[in-house]
Structure formats: C-alpha cells, structure tokens
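Read off the chains here:
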Amino acid sequence: ATLVVLLSLLGLAAAGKLLVVPVDGSHWLSMREVLDSLKQRGHEIVVVAPEVSLHIKPSKNFVMKMYPVPFTQEEMDEEFQGFTKDVFEGGSFLTRVIRLYQRSKKTSAMFLATCTHLLHNQELIRYLQETKFDALFTDPFLPCGQILAEHLSVPSVYFLHQIPCSLEYQATQCPRPSSYVPRVFTGHSDHMNFLQRVKNLLYDVPSLFLCDVVYKPYEHLASEFLQRDVTMVDLLSQASIWLMKLDFIMHYPKPLMPNMISISGVNCAYKKLNQ
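The name given to the protein chain in an unreviewed UniProt entry is glucuronosyltransferase, with Serilophus lunatus as the source organism. The UniProt entry for the protein chain carries the following comment under Subcellular location (unreviewed entry): "Membrane".

A.B. asks: What is the right way to read the side chain of E168 from this model?
C.D. replies: Mapped onto the elements, E168 comes out in helix α7 (residues 167-172). For E168, a relative accessible area of 2% puts it in the buried group.

A.B. asks: What is the right way to read unusual backbone geometry from this model?
C.D. replies: Comment: phi is negative for the bulk of residues other than glycine, and the bulk of peptide bonds are trans. A positive phi is found at K132, a non-glycine position, where the angle reads about 60 degrees. Along the chain, K132 turns up in the loop between α5 (122-131) and β4 (135-138).

A.B. asks: Looking at this model, I keep getting lost on the environment of Y169. Mind explaining?
C.D. replies: When you line up the elements, Y169 lands in helix α7. Residue Y169 is classed as buried on the basis of its relative accessible area, which comes to 6%. Between the C-alpha atom of Y169 and that of V233, which follows or precedes it by 64 residues, the distance is 9.4 Å. Not counting residues within four places of it along the chain, the set of residues in contact with Y169 comprises C174, P175, R176, K254, P255 and M260.

About the cut-offs
Residues numbered from 1 in each chain as written. Predicted model: local features only at pLDDT ≥ 70, side-chain atom pairs only at ≥ 80, totals over all residues. Heavy atoms only, no water. UniProt positions renumbered as here; feature names shortened; annotations may be inferred. Helix = DSSP H or I, 4+ residues; strand = E, 2+ residues; numbered from the N terminus. Buried < 20%, exposed > 50% of the residue type's maximum accessible area, 1.4 Å probe, protein only. Contact = heavy atoms within 4.5 Å.

Below is the structure:
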C-alpha cells in the first residue's frame, strides 16, 4: 500500500484510497496537479483542509473535508502578505534573521492553531479512522499530516521542495556536509574556499533557533495527541517515500537517500513558452 502513490504516478498501480493533508500557498498549487493526475487513474482522494485558506478550494477531483479555525480570511491574507514581504526584503544577514524570527513566530502560531483544531475535531478524526485509507499524502513543511499518519497507522508519502533547517536530511540520515552543500543566504556556490566553508558552517546556527520557534510547539502537540514523546525528526523519519521537487540543474548537487526521489518538472507549464 505504501507504494500506491508512487506507482500511480507511473501509471502502474491499482486504484487506492488516499488521504491528503496539504500545506496552503504554493505548496498546495503544485500538489493539486498531482492529485488531478491521480484522480484520472481512478484513485479515491479525500483532502482535509481548514475553512479559511488561500488556495485550497473544492474540486470535482476529490472529496473535501473542512474544519473550522479561529481566524478570519482577512487575518490570514494579511499574515501571508507580510511574510512574503519579509522573506524578499533585503538587509544584512543579522537583520534578515531577526526579521524572519519575528515573522515566523506570528505565522507559525496561525498554522499551529490550524493543526490543533484539526486534531481536536473529534467528529472529523472519527470519520478518518473509519474510512480506512491506504496511504497519506502530505507536504511535511508542517507536520500535521504526519501526526495524522501516525495516529491512523497508515504509510505516508511526502511531496516537498525542502523543509526549514534541513530537517529532511536529519530525518533520513542523509549526508549534507557544510564543505559541499551551500547554505541559504550565503550566496556561495558549491566550490568554496576554506573561509567560505567556515562561514557556511556558521550559517547553520541561527536556523536552529528559527526551527525551535516553528517546530517545538508541534512536538508538544504531537506528544499530547499521540500520547507518547516524539520529536520532529521522529515524526518525519516515518515517511516511506520522499518525492523531492528538485533537480541538479536549478539546485546544487547534494546526496540523496534511496527513498528520496527527484521529481523536478512536475509543476512545469504544459504550454510551450514563446521566446
């Protein structure tokens, strides 16, 4: 059952029942194209989403199960616009780290509230338990889907570009040497001198604090919901397949583990581009 999603992408699998727990924004827009393809191959798809979202809307290609959240559409739109501005605004490295730290606290609180209301929605959780899914398909940028997969005891397939603080490499025990793989914000290439490698190593330190802000509350939520102590790495390491939206033309070469499968191009335009 674990291979249902991957094999169906290749057109080789029998129809299955798939639970989808998406992350809003651009994460969802690329995932939606995969779901459309899965539907054409006969799979039954159920998408679980909050009543307030940016892009997650009903479709004829899947059943949507929605749940209430404690904020309005206007509050969400304002938060996402502020986050986008903060990410692309310039400044020194320290300025960007402080700005992203402050914004991450606000944005992560909204996402955490969304996940909490999903897991505490007893009626919806009961429905998901009774439906008996074959697999769960999610973007692990936020771990709500994986918490559900653990609770429902179903295999999980990840669909992602990357996770903050490179948690995907910790969870898969995949090598990611600082002397070889450039870090975010450094501007380095994959050919670095000694001082650049030292700088590359130091740039990992602030990201650990950012990840604590975003992901520590999920560890507490997951531990409470699953009734056992878990960490983010524990949750993420349970994935059966990692479908990675990357290639080594647009991204620097880096090691991958056997269950990390590069699928770059899945959300490329189908129309031919003019010159």
